[in-house]
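Observations on the three-dimensional arrangement
As a plain string of letters, each chain reads:
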Amino acid sequence: MEKTYYEKLLEELKNGSIKRYTSLEGDTLGEESLNINNFKGRVLEENLTPPVHLVLFGAGHVGKALFHLARLQDIDITVIDSRDEILKQEDFPNAELIKVDYSNMDALKLNVYNPYFCIFTHGHFGDKACLEWCLKQKTEYVGMIGSKGKVKTTFEKLLKEGYTEEQLAKVHAPIGITIGGDTPQEIAVSIMAEIIQTYSSKPNRSVMDIELLKVLSKKEGVLCRIISKKGSAPRQIGTSMFVTKEKVYATVGGGALEKRVIEEALNLKENVMLKEYILNPQGDLNMICGGDEEILFQRIN
């Protein structure tokens, strides 16, 4: 594989999920195509998606609670509010903070992969303005807080302004799944559960590490990708690790398996190799977790 291919992937993923087909046999082993299956025989089909980037409209109590819950999962976050006094870095460490004027939402420019929008500003005007802006964006998730009555009134206004029933049907409002809680922390749990439910329901989903893709577009080495798994293998299909002479980027699960994969990547003679690893005491790794994995090794030039 060439580094320029990963530059193309980075550009494609800015527009959302894309399909990737990887040939797993014959003379085309390890070759890939995007959006169209160009191969015969055994093929891995994946829906490539960047990690979720949470965009919170509102830095109040629910915003703070959801921020801390999302950070436990290493989700990147942008927090947006109109109030200087509440938009403080110490309350949202490592987040991007953006001050906006809700009456001028067209001025808001975001440059993130795979945004998930959550709306809970301090007033109905802000919620509606943010929702209108979100409806114009490409996204898998928009959620807005509020009672059923408030949501109904807001939707009626948007329909009169020209938005369609189809657009509004995609909005999660009231936001979150029903769990019976009412504190900011409990509401945050219900929202996070709905977000996880949304992205985990995507078939053949493979999360692409954007930082890893940036490395692949610049460095030479061997990309090691999980192609299939059975039993209790710890990582999902599509999980990738990049091995160079100087450094190992990301992980395929750690332990004895990862140690062996790194060794084989560093000693790889071919440009591509597909290998099965048995993860039980009968295999040469002498592992007890059970199951097995196939790893595809691809040299990146």
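See the structure above.
Okay, so let's go over this structure. (Residues numbered from 1 in each chain as written. Predicted model: local features only at pLDDT ≥ 70, side-chain atom pairs only at ≥ 80, totals over all residues. Heavy atoms only, no water.)

Notes on the overall build of the chain
- A count of helices and strands for the chain gives eight helices and 15 strands.
- Principal axes of the C-alpha set define a box for the chain whose edges measure 65 × 40 × 30 Å.
- Every one of the 301 residues in the chain was classed for burial, and the buried ones make up 48%.
- A separation of at least 24 residues holds for 57% of the contacts in the chain among residues at least 6 apart in sequence.
- Carbon and sulfur atoms form 49% of the exposed surface of the chain, whose accessible area is close to 15400 Å².
- Across the chain, the 38 positively charged side chains and the 43 negatively charged ones have centroids separated by 1 Å. (Helix = DSSP H or I, 4+ residues; strand = E, 2+ residues; numbered from the N terminus. Buried < 20%, exposed > 50% of the residue type's maximum accessible area, 1.4 Å probe, protein only. Contact = heavy atoms within 4.5 Å. Areas by Shrake-Rupley, 256 points an atom, 1.4 Å probe, with all protein chains shown as cover. Lys, Arg positive; Asp, Glu negative; His and termini not counted. Charge placed at Lys NZ, Arg CZ, Asp CG, Glu CD.)

Description of the environment of Thr178
- Checked against the element boundaries, Thr178 lands in the loop between strand E9 (171-172) and helix H6 (184-200).
- Here Thr178 falls in the exposed class, since its relative accessible area comes to 81%.
- As a C-alpha pair, Thr178 and Met144 span 34 residues in sequence and 14 Å in three-dimensional space.

Overview of the packing of helix H3 (residues 124-135) against helix H4 (residues 148-160)
- Viewed as axis vectors pointing N to C, H3 and H4 meet at an angle of 55 degrees, and their least axial separation amounts to 11 Å. The orientation of H3 relative to H4 falls into the category oblique. Crossing geometry of H3 relative to H4 is assigned as right-handed. When H3 is examined against H4, the residues His124, Asp127, Lys128, Leu131, Glu132 and Leu135 are found in contact with a partner set consisting of Lys150, Thr154, Phe155, Lys157 and Leu158. (Axes fitted to C-alpha atoms, helices over the stretch in contact; angles between N-to-C directions. Parallel < 35°, antiparallel > 145°, perpendicular 65-115°, else oblique. Left-handed = near helix turned anticlockwise from the far one by under 90°.)

Considerations on unusual backbone geometry
- Between Ala173 and the following residue, Pro174, the backbone shows a cis peptide bond with an omega angle of -5 degrees.
- With respect to the helices and strands, Pro174 occurs in the loop between E9 and H6.

A short note on the sheet that holds strand E8 (residues 141-144)
- With parallel pairing, the six strands of this open sheet are ordered in space as E6-E5-E4-E7-E8-E9. Among the strands making up the open sheet, the edge pair consists of strand E6 (96-99) and E9.
- As defined by bridge partners, strand E4 (residues 53-57) adjoins strand E5 (residues 76-81) across five bridges and the pair is classed as parallel. Bridge assignment links Phe57 to a residue of E5, and that residue is Ile80.
- On top of the sheet, helix H2 (residues 61-71) reaches E4, E5 and strand E7 (115-119); it is set at about 170 degrees to E4, its chief contact. (Pairing = 2+ DSSP bridges.)

Comments concerning H2
- Taken together, the buried positions of H2 are occupied by Val62, Gly63, Ala65, Leu66, Phe67 and Ala70.
- Contacts from the buried residues of H2 go to E4, E5, E7 and H6.

Remarks on the side chain of Ser190
- Turning to its location among the elements, Ser190 is positioned in helix H6.
- Classification of Ser190 by relative accessible area gives buried; the value is 6%.

What to know about the nonpolar core
- Core analysis: the largest hydrophobic core is formed by 27 residues, its most contacted members being Leu54, Leu56, Leu66, Cys118, Ile191 and Ile195.
- At the level of elements, E4, H2, E5, E7 and H6 are the ones that each hand at least two residues to this core.
- Counting residues per element, this core draws most heavily on H6, which supplies six residues.
- Once residues within four sequence positions are removed from consideration, Leu66 is found in contact with Leu54, Leu56, Cys118, Phe120, Ala188, Ile191 and Met192.
- With 24 residues, the next largest nonpolar core counts Met105, Leu131, Met144 and Tyr163 among its residues. (Core = buried A, V, L, I, M, F, W, Y, C linked by side-chain atoms within 4.5 Å.)

With respect to H3
- A rise of 1.5 Å per residue sets the reference length of H3, with its twelve residues, at 16 Å; its end C-alpha atoms lie 16 Å apart and thus fit the reference within 8%.
- Counted residue by residue, H3 has ten buried out of twelve residues, so it is predominantly covered.
- Among all positions of H3, only Gly126, Asp127, Lys128, Ala129, Cys130, Leu131, Glu132, Trp133, Cys134 and Leu135 are buried.
- Against the buried residues of H3 lie E4, E7, E8, H4, helix H5 (165-169) and E9. (Expected span 1.5 Å × (residues − 1).)

Remarks on a nonpolar patch on the surface
- A surface patch of nonpolar side chains, about 230 Å² in accessible area, is lined by Ile177, Ile179 and Val189.
- By secondary structure assignment, the location of Ile177 is in the loop between E9 and H6.
- With a relative accessible area of 31%, Ile177 lands in the partly exposed category. (Patch = residues over 30% accessible without salt bridge, like charges linked within 9 Å, V, L, I, M, F, W, Y side chains within 5 Å. Salt bridge = Lys/Arg side-chain N within 4 Å of Asp/Glu carboxyl O.)

Looking at the sheet that holds strand E12 (residues 240-243)
- With respect to topology, five strands assemble into an open sheet ordered E13-E12-E11-E15-E14, the strand pairing being antiparallel. What marks the edges here is a single partner per strand, and that holds for strand E13 (248-250) and strand E14 (272-278). Shown here is a sheet whose adjacent strand axes are inclined to one another by a mean of 20 degrees, direction ignored.
- With three bridges connecting them, E12 and E13 associate as antiparallel partners. Paired with Met241 across the bridge in E13 is Ala250.

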